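Letter by letter, the chains look like this.
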Amino acid sequence: MASSSSTSLPLHICHGNKLTMIINRSHAVLHSIAISFLIYYRTSFLFHQPTPIIIPWLLLFTSELILSFIWFLGRAYIWRPVYRTVFPERLPNDDKLPAIDVFICTTGPDKEPTIGVMNTLLSAMALDYPPDKLHVYLSDDGGYAITLHAMRESWSFARWWLPFCRRFGIKTRCPEAYFSRTENRDSDSENPHNFMVEREKIKEQYVLFKERVRRAGEESKFKDKGVYTASDHPSCIEMPLLVYVSREKRTSQFHHFKAGAVNLRVSAMLSNSPYILMLDCDMYCNDPTSARQAMCFHFDPEMSPSLAFVQFPQAFRDIRENDIYDSEVRSAYTILWPGLDGLKGPVLSGTNFYIKREALCCHSIRKDIDLRELKDSFGPSNEFINSLRQDYKKPNLNDNGEASNMLLEEAKVLASCSYEDHTKWGKEVGFLYDSVAEDFLTGFVMQCKGWISAYVAPSSSSRPQFLGTSTTNLNDLLTQGIRWGSLFPLLYCLPLWCFATIPPLYLLNGIPLYPEVSDPYFSVFLFIFLSSLSKHLHEVVVTGKPIRKWINEQRIWMIKSVTCHLYGSLDAILKKFDLRKASFLTTNKVADDEQFKLYREGKFDFRASTIFVAPLVTVMLVNLASIVGGVYRIMFMGADWRKMFGQVLLSFYIILMNYVVIEGMVLRKDKGRIPLYVNVLSIVFSLIFLSLGSIIISI
């Protein structure tokens, strides 16, 4: 309850860190000056080089320009980072809070365990928010009978779980997380005995709930409620407050990936809440006050009119201190997003955001707009168009059975796979789902239309608002990276492939590509190299991470650049020329005990696709051969070490940062080592590359 004295107080405050801004801007100026000298050196001496090295010189220069361009764009992230503090206790009374629709998207139990999805569902239902203003939608894109059955079981268990959480002030409202804790200090109950008795009852009910879901999963043959297969089934909707939605899918119809499964049109019919919370199926509500935190911004009279959404960070409960795969994506949620918040706000991150329905549907319908024009945008449903009007009054589904049945039938029509055909839905209005990275694209378009956003990260002393699971094996990490790599084709893979192959090849053949050590311009290259590394190290340290984290991030950046970013770039180019259809690969969320054990021990699991592992081994073999050959030339063939030092340093750095690949090739004996056939294949590739390269250089 808000007191009268708090109504004039701000609901949130925004503050920056002056020291951080000074350091960031000073470094940007110095680094820019060094890049200017590098560009001057390359352009001045370009046409004074011997013919054999013109092409490699141009390739390296292009790579340096691309990385410099990426670096320059990245200065926006660190120019004015801001941090926000919220005061949800100052919000108006509960009766004045707006309704919220919660969307939890899942594709199927093969990669997204049903029990995990149900835990996310239960945590959302238990948010600290007026229950009559919270509507939870489980959007099952696969249309699996087991998911529908499990949701019904969750509804039954929620009658035990939700009162328990509210009665005893439980903060961890994901049942699995709550009962798996060794200590439970969530409750401030004045009667510990009653609390423990009640807790044991709820725990018993939870065990029974999991057993019923498990048995149903074993017995299910996909015969329930007209659900056929994951790629070919009719629409299916169950309600009331907890709504199961499965849109219609047909193998002959393009189905718009994850964002097409959000079913905004269906929710407009059934609840039409002005705000929407989007959640991945494994990202449970860890702080039940997140909805109230978001409303601190949506209730701000100055910010609210142009505020599209409030983004919370993704935090992961399965991350270890030695996060060898950088699975927590530290830089995004501690550096990049606060930096974007200092501009117009962060882009959508796919999950953990409270968004205004008006911004998401891109609607502002006036009474004088022609009905035919509206149908061109929003489709043929009159009821759906009416729901978008500002003066729309939603019927009470619980009190009016006839209206309830009518709207339910209309919702099934809206969930059909052909509804938006020949309309602007998904292109100019609605979720922009014609991309495998629909979240980023939607956020960009919103900001281009004048909307802003806000970012709220938990303080060091508070709970993460949401907790999920991340990728903890190499294959899933790089598979996921292919989709992300299609956002910026060639920007990383081209420079990294050039640096990983061209300088080593010419080192092996005794041809310098960088200034000699005594040349003043050598200090320019060295400064840029050390400046980039030291700035990255600074960012890691100021976010409370050890130096080991910096090494892991450098390594993963290089690994991704020569693998998944390459394939993501090729994928984007093929799609651009209509040579390949767009596809969306769901991230695997099924835990593998053996893989997780290796991750916990800080060991890479190289049981990944050959298309990922073979390039890594090939690059390492090329650099090993070149550094051995280069040092041999210097020591025994009279080569000038001062001219070759830059290339020796670069190859040595690549080998040092990626020693785990060498370890996986020759030292490890466990199942996560690099298979022998991959080593043999990579040796062949590296020999072919070095031989052909040497022949071309000698011509």
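Residues numbered from 1 in each chain as written. Predicted model: local features only at pLDDT ≥ 70, side-chain atom pairs only at ≥ 80, totals over all residues. Heavy atoms only, no water.

### A look at the UniProt feature "transmembrane region" (unreviewed entry) in the chain
Alright, step 1. Within this numbering scheme, the UniProt entry marks residues 28–47, 53–74, 487–508, 520–538, 610–632, 644–662 and 674–697 as carrying the feature "transmembrane region" (unreviewed entry).
Alright, step 2. Regarding residues 53–74, the helix share stands at 95% and the strand share at 0%, and the terminal C-alpha atoms are separated by 31 Å.
Alright, step 3. As a span, residues 644–662 carries 95% helix and 0% strand, and end to end its C-alpha atoms are 24 Å apart. (UniProt positions renumbered as here; feature names shortened; annotations may be inferred. Helix = DSSP H or I, 4+ residues; strand = E, 2+ residues; numbered from the N terminus.)

### Topic: unusual backbone geometry
Alright, step 1. Even without being a glycine, Val 329 presents a positive backbone phi close to 50 degrees.
Alright, step 2. One can find Val 329 in the loop between strand E10 (315–316) and helix H10 (330–341).
Alright, step 3. Val 329 sits in the partly exposed class, given a relative accessible area of 24%.
Alright, step 4. Look at Asn 352: it is not a glycine, yet its phi comes out positive at around 65 degrees.
Alright, step 5. Checked against the element boundaries, Asn 352 lands in the loop between H10 and strand E11 (353–356). (Buried < 20%, exposed > 50% of the residue type's maximum accessible area, 1.4 Å probe, protein only.)

### Quick notes on the packing of aromatic side chains
Alright, step 1. Scanning all chains against the criterion turns up 35 aromatic pairs.
Alright, step 2. An angle of 85 degrees between the planes, with centres 5.7 Å apart, marks the rings of Tyr 41 and Phe 525 as edge-to-face. Of this pair, Tyr 41 sits in helix H1 (residues 18–45) while Phe 525 sits in helix H18 (residues 520–542), and the two are 484 residues apart along the sequence. The pair Tyr 41 / Phe 525 is uniform in exposure class, with both members buried.
Alright, step 3. Judged by centre distance (5.1 Å) and plane angle (40 degrees), the rings of Tyr 632 and Phe 636 are tilted. Note that Tyr 632 and Phe 636 are positioned in helix H22 (residues 610–636) at a spacing of four residues, about one turn of the helix. (Phe/Tyr/Trp six-rings, centres within 6.5 Å; stacked < 30°, edge-to-face > 60°.)

### Considerations on the layout of surface pockets
Alright, step 1. In this model, the second largest pocket occupies a volume close to 1100 Å³.
Alright, step 2. Contributing to the lining of the second largest pocket are 44 residues, with Tyr 333, Thr 334, Ala 457, Pro 458 and Thr 543 lying nearest its centre.
Alright, step 3. Secondary-structure elements contributing two or more residues to the lining of the second largest pocket are H1, helix H2 (54–79), strand E2 (82–86), E10, H10 and H18.
Alright, step 4. For the lining of the second largest pocket, the element with the most residues is H10, which contributes six residues.
Alright, step 5. Residues from two domains meet in the lining of the second largest pocket; each of domain 1 (99–468) and domain 2 (487–698) gives at least three. (1 Å grid on protein atoms, 1.4 Å probe; cavity = no way out; pocket = protein on both sides within 12 Å on 5 of 7 lines; lining within 4 Å. Points joined across faces, edges and corners; volume = space filled by probe spheres on them. Domains from an automatic or database assignment.)

### Notes on the packing of helix H17 (residues 493–508) against helix H25 (residues 676–698)
To describe two helices that pack against each other, one gives the angle between their axes and the distance between the axes.
Alright, step 1. Relative to each other, H17 and H25 sit at 65 degrees, their axes nearing to 10 Å. The angle between H17 and H25 falls in the class roughly perpendicular. The two elements H17 and H25 cross, and the hand of that crossing is right-handed. Between H17 and H25, the residues in contact are Thr 501, Leu 505, Tyr 506 and Leu 508 and Phe 689, Leu 690, Gly 693, Ser 694 and Ile 697, respectively.
Alright, step 2. Broken down by class, the residue content of the contact of H17 with H25 amounts to six nonpolar, three polar and no charged. (Axes fitted to C-alpha atoms, helices over the stretch in contact; angles between N-to-C directions. Parallel < 35°, antiparallel > 145°, perpendicular 65-115°, else oblique. Left-handed = near helix turned anticlockwise from the far one by under 90°. Contact = heavy atoms within 4.5 Å. Nonpolar A, V, L, I, M, F, W, Y, C, P; charged D, E, K, R; others polar.)

### Considerations on the sheet that holds strand E8 (residues 284–285)
Alright, step 1. With mixed pairing, the three strands of this open sheet are ordered in space as E8-E13-E10. Whereas interior strands pair on both sides, the edge strands pair on one side only; in this sheet they are E8 and E10.
Alright, step 2. Alignment of E8 against strand E13 (residues 466–468), held across two bridges, turns out to be antiparallel. Bridging across to E13, Tyr 284 finds its partner in Leu 467. (Pairing = 2+ DSSP bridges.)

### Digging into the side chain of Arg 173
Alright, step 1. Along the polypeptide, Arg 173 turns up in the loop between helix H4 (145–168) and helix H5 (175–180).
Alright, step 2. Buried charged residue Arg 173 carries no salt bridge. Nearest counter-charge: Asp 128, at 5.2 Å.
Alright, step 3. In this structure the side chain of Arg 173 is engaged in a polar contact, spanning 2.6 Å, whose partner is the backbone oxygen of Ala 126. (Lys, Arg positive; Asp, Glu negative; His and termini not counted. Salt bridge = Lys/Arg side-chain N within 4 Å of Asp/Glu carboxyl O. Polar contact = N/O pair within 3.5 Å; in protein donor to acceptor, adjacent residues only side chain to side chain.)

### A look at the confidence of the model for the chain
Alright, step 1. When pLDDT is averaged along the chain, the result is 87; 88% of the residues meet or exceed 70.
Alright, step 2. Predicted confidence in the chain is weakest over helix H7 (residues 257–260), with a mean pLDDT of 53, and strongest over helix H9 (residues 290–298), with 97.
Alright, step 3. Long-range and interchain partners of residues 1–6, a stretch whose pLDDT sits below 50, account for eight contacts in this model, where long-range means more than four residues apart. (pLDDT = per-residue confidence, 0-100.)

### Some thoughts on the packing of H18 against helix H23 (residues 641–657)
Alright, step 1. The interhelical angle for the contact between H18 and H23, taken along N-to-C directions, is 15 degrees, at an axis separation of 11 Å. Overall, the two elements H18 and H23 adopt an arrangement that is roughly parallel. Seen from above, H18 lies across H23 with left-handed handedness. Taking contact as the criterion, the partners of Phe 522, Leu 526, Phe 529 and Leu 533 in H18 are, on H23, Phe 645, Gly 646, Leu 649 and Tyr 653.

### Describing the pairing of strand E7 (residues 275–280)
Alright, step 1. For E7, the tally of buried residues reaches six of six residues, placing the bulk of the element in the interior.
Alright, step 2. Neither face of E7 is left uncovered, since the one carrying Tyr 275, Leu 277 and Leu 279 and the one carrying Ile 276, Met 278 and Asp 280 both have all their residues buried.
Alright, step 3. With four bridges connecting them, E7 and E11 associate as antiparallel partners. In the strand pairing of E11, Tyr 275 is matched with Lys 356.

### Looking at the nonpolar core
Alright, step 1. Counting 129 residues, the largest nonpolar core has Ile 100 and Trp 161 as the members making the most contacts within it.
Alright, step 2. Beyond its immediate sequence surroundings of up to four residues, Ile 100 is in contact with Tyr 129, Lys 133, Leu 134, His 135, Ser 273, Tyr 275, Leu 277, Ala 291, Met 295 and Tyr 354.
Alright, step 3. Core analysis: the second largest hydrophobic core is formed by 35 residues, Ala 359, Phe 378, Leu 407 and Leu 408 among them. (Core = buried A, V, L, I, M, F, W, Y, C linked by side-chain atoms within 4.5 Å.)

### Section: helix H19 (residues 547–562)
Alright, step 1. Relative to the 22 Å expected for 16 residues at 1.5 Å per residue, H19 spans 24 Å between its end C-alpha atoms, a close match to the ideal helical length.
Alright, step 2. In terms of residue burial, H19 counts as a mostly covered element, since 12 of its 16 residues are buried.
Alright, step 3. Among the residues of H19, Lys 549, Trp 550, Asn 552, Glu 553, Gln 554, Arg 555, Ile 556, Met 558, Ile 559, Lys 560, Ser 561 and Val 562 are the ones counted as buried. (Expected span 1.5 Å × (residues − 1).)

### Thoughts on the state of the cysteines
Alright, step 1. Applying the stated rule across the entire model yields zero disulfides.
Alright, step 2. In this structure Cys 498 is not part of a disulfide, and its nearest cysteine sulfur, from Cys 493, lies 9.2 Å away.
Alright, step 3. When its relative accessible area of 7% is taken as the criterion, Cys 498 is described as buried. (Disulfide = S-S within 2.5 Å.)

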